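# Reading the structure
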Amino acid sequence: MLSANRRLRRWESAALMALCLCLLAAVAAQRRAASVSRSLIRLHVLAVDDSAAEQAVKLAVRDAVLDCLSPRLAGAESAEEAGAILARELDAVRAAAQSRAGDRPVTVTLDDERYPTRDYEGFTLPAGRYRSLRIVLGEGKGHNWWCIVFPPVCLAAVQREALRPAMNPEDYALLTREEGWELRFRSVELWGELTNRLEQWRGRASQGPAPR
């Protein structure tokens, strides 16, 4: 009986230690994800639908918005400063988008948004919540176009290098998966995917059961 109790205590200790390690890893991933998110502002354009014509309009709207933003964000030195500029210039962004959208309704917002993991040239952004300039054409049921407006990755010939001035060395190493950072990137990616799913679940739960 005594031996069985000792085995049980060892199992409980091992389980408690594993739980503590998991919690520490989750806290570290959460902090790193928040640090990355604070350094960036993303651009999200949603087309009316998936027809070739509407997808072409989406890209035309994208180009007009980037042309509008490029001179306005040229002097921004941080995501906070860029966000303040964008907040002041939403009407100009909306006008630029509408100039290429024709008679399609255009909705422009600046808010936090959930993103999946996304690969760019030379780096990867893990899933999670990011500050986002979101442009919706019509009902926005078509394929998306994603990029980063701060730092100006959308306009950079070498996207990876555009990140470097705006990020601390640890976050830059994480996103570019420099040697020794692969495991930490994966932990941040898993954290982002988990929180995305939890938020989706909460959204469905708040809507209640579907009517019969």
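Above this text is the structure in question.
The rules behind each value
Residues numbered from 1 in each chain as written. Predicted model: local features only at pLDDT ≥ 70, side-chain atom pairs only at ≥ 80, totals over all residues. Heavy atoms only, no water. Helix = DSSP H or I, 4+ residues; strand = E, 2+ residues; numbered from the N terminus. Buried < 20%, exposed > 50% of the residue type's maximum accessible area, 1.4 Å probe, protein only. Contact = heavy atoms within 4.5 Å. Areas by Shrake-Rupley, 256 points an atom, 1.4 Å probe, with all protein chains shown as cover. Core = buried A, V, L, I, M, F, W, Y, C linked by side-chain atoms within 4.5 Å.

## Some thoughts on the overall build of the protein
- If you tally the helices and strands in the protein, you get seven helices and six strands.
- Counted from the first residue to the last, the protein has its helices and strands arranged as α-β-α-α-α-β-β-β-β-β-α-α-α.
- Out of the 212 residues belonging to the protein, those deemed buried represent 39%.
- Counted over contacts in the protein with a minimum sequence separation of 6, partners at least 24 positions apart contribute 71%.
- Of the roughly 12,500 Å² of accessible surface on the protein, 55% is carried by carbon and sulfur atoms.

## Examining the nonpolar core
- Grouped together as the largest cluster of nonpolar side chains are 31 residues, with contacts concentrated most on Leu-43, Val-61, Leu-133 and Ile-135.
- Elements with a contribution of two residues or more to this core: strand S1 (41–46), helix H2 (52–73), helix H3 (79–88), helix H4 (90–101), strand S2 (106–115), strand S5 (128–137) and strand S6 (144–150).
- No other element matches H2, which puts seven residues into this core.
- Within the second largest apolar cluster, 18 residues are counted, among which are Phe-123, Ala-162, Leu-163 and Ala-173.

## Quick look at unusual backbone geometry
- Backbone torsion omega between Phe-150 and Pro-151 reads -10 degrees, so that peptide bond is classified as cis.
- Structurally, the position occupied by Pro-151 is in the loop between S6 and helix H5 (159–163).

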